[in-house]
Amino acid sequence: MRISVPLACYCGVMDIETTDDIHEQLKDVFGAATSPSASADAYRVERTLKRTPAEVTELVWLRTAAGTELGPYVRKVISQGSGLGCAYVELFGLQRQGMRFCQLPRIVDCRENGGSLEVLLEYVKGRTLAQVVADASPGNRDTLARELVPAICDAVSELHGALESPLVHRDLTPSNVICPDVRPCSAASPRPAVRSRSAASPRSASRSCCPVLIDFGIARVWREGEEADTTHFGTRSYAPPEQYGFGQTDVRSDVYALGMLTFFCLTGREATPADRECGFACAEVSPAWRSVITKATFLDPDGRYQSVAEMRDELPGAADGRLRMHFGRSGDRSRSLAMTLAEMRERYVSASVPSFWSVRNVFVCLTAAIILFFLRDLPV
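Nothing here was measured: the structure is a model prediction, and the numbers come from that model.

### Notes on the pairing of strand β4 (residues 69-79)
Next up, step 1: Of all eleven residues that make up β4, nine are buried, and the element is covered over most of its length.
Next up, step 2: Two elements, strand β3 (residues 55-63) and β4, share eight bridges in a ladder whose sense is antiparallel. Across the sheet, Val60 pairs through a bridge with Tyr73, a residue of β4.
Next up, step 3: As consecutive antiparallel partners, β3 and β4 are separated by five residues, and within that stretch Gly67 has a phi angle of approximately 85°, a positive value.
Next up, step 4: Pairing of β4 with strand β6 (residues 116-122), which is carried by seven bridges, proceeds in the antiparallel orientation. Considered in β6, the bridge of Val74 is made with Leu121.

Here you go:
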C-alpha cells in the first residue's frame, strides 16, 4: 500500500506544518536509530531521473515495516570524491535548525554512507521551465517571461541569502527550474511563516506561479579571498566565463545565468555567440528586455548587476517597455500591482495640480515684502 505525501509538499508554496508532520512521521516509521539512508532495501526505485559518473538521481518510495510505502521522494547518491553536494549538507543543517524555504525543496535526510553522500529530498511535481516555455505559443512568451523571470529571481535570492556567505547555484538552466502543477497560492489563504536570512521576501501570495529551484549538486559557498573555483562545471550556454577557471564564482555568476534564462523564456531557444555579438537583437526580444539581458550577461562580472535583487528591480520596466513599476521597497514585494498603480496615479494627479508655492509666486511675494519694508516709514 502506498501512502502518498500530500500535494502541499509538491507545490512551490510549501505547507510548512504539513511537511514537518510528514517528516516527523518518517522518524516514527524508521525509529530513532534507523534512517531512510541506513539500508538500500528501504527504497523502491520507481525510475532513474539522472545518472552521471559522479551522481545518480532516482525517484523512490520508502518502504516501512508495516508493508506500506511513503513517497515519492527524490534520492541522490553523490560520490564524495567528486567534490559535489556540499550545498545539500549546508541546507540540511539550516533546515534542522528550523529554517524553512519557499522556493527550495525540503531535504528529508542527508548523510555519508559507504563513501557516498546520500540525500533524500521531497519530490516537486510539475514541469520544468524548458517544458513550460516549449508549450507556450511564441506570442505568449513575453507575458510568460513577465510572470516567471521575477519569480525565479526571488528563488535565487532566497538561495543566496540562506547562509552568511552567499550560496551560488552555478547551474541555473531551464531543466533545473520546476513550475509546480499545484498552485495553492491565493490571497484568501494565509501563507506559512518562513524563516530565512534572505534579503528578498517570499513571493507574493497572489502570484500564480511559484518556481522551485532544484539540483544543487555543483552549488558552492562563496569564500572571500579565493581566486578561482576548485571545480569547473556548468551548462555551457548558461555558465559565465569565471565558471571555467577565470575567477571565483559569486552571486553575479547566477545573474549571468538568469540573463540567459530570460533570453530563453522570450525566444524558446538558447542564446548563441551570434546573439551576443548582435546584442541579443531579435524579433522576440524588445529593446527594454535587451538592455536587461545585455547587462546581466556582461562578460566582466563588474559590468553586470551586482545582485539578483538589483536585476529583479529592473524587470518590471523591461517587461512593460515604458514604465518601471516597483512593488514596494527592495525586499518587500507583497504590495499588489493595483495598489502600486493607485499610488502612482495619486502622485501624478497631485503633481499636476498647480501649487501656490511656485517659483513665480515666491518671487512675487518676496518682491512685495521688500517694497513694504522700505515703505513702512514713509508718511501716509
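### Re helix α7 (residues 287-296)
Next up, step 1: Buried residues of α7: Trp289, Val292, Ile293 and Ala296, and no others. The arc that holds every buried residue of α7, seen down its axis, measures 95°, which confines them to one face.

### Re the packing of aromatic side chains
Next up, step 1: In this structure the tally under the stated criterion is two aromatic pairs.
Next up, step 2: Aromatic pair Tyr88 and Phe216: ring centres 5.9 Å apart, planes at 65°, arrangement edge-to-face. Here Tyr88 is found in helix α2 (residues 86-96), whereas its partner Phe216 is found in the loop between β10 (212-213) and β11 (220-221), with 128 residues between them in sequence. The pair Tyr88 / Phe216 is uniform in exposure class, with both members buried.

### Some thoughts on unusual backbone geometry
Glycine aside, a negative phi is what most residues show, and trans is what most peptide bonds show.
Next up, step 1: The residue after Gly71, namely Pro72, is reached through a cis peptide bond having omega 0°.
Next up, step 2: If you trace the backbone, Pro72 turns up in strand β4.
Next up, step 3: Of note in the backbone geometry, Arg170 takes a positive phi value of approximately 70° without being a glycine.
Next up, step 4: Mapped onto the fold, Arg170 is located in the loop between β8 (167-168) and β9 (177-180).
Next up, step 5: Residue Arg170 is classed as buried on the basis of its relative accessible area, which comes to 4%.
Next up, step 6: Positioned with a positive phi, Phe280 is a non-glycine residue whose angle comes to about 60°.
Next up, step 7: With respect to the helices and strands, Phe280 occurs in the loop between α6 (273-277) and α7.

So, how was this worked out
Residues numbered from 1 in each chain as written. Predicted model: local features only at pLDDT ≥ 70, side-chain atom pairs only at ≥ 80, totals over all residues. Heavy atoms only, no water. Buried < 20%, exposed > 50% of the residue type's maximum accessible area, 1.4 Å probe, protein only. Helix = DSSP H or I, 4+ residues; strand = E, 2+ residues; numbered from the N terminus. Pairing = 2+ DSSP bridges. Arc of directions from axis to C-beta. Phe/Tyr/Trp six-rings, centres within 6.5 Å; stacked < 30°, edge-to-face > 60°.

Coordinates in, geometry out; function isn't part of it.
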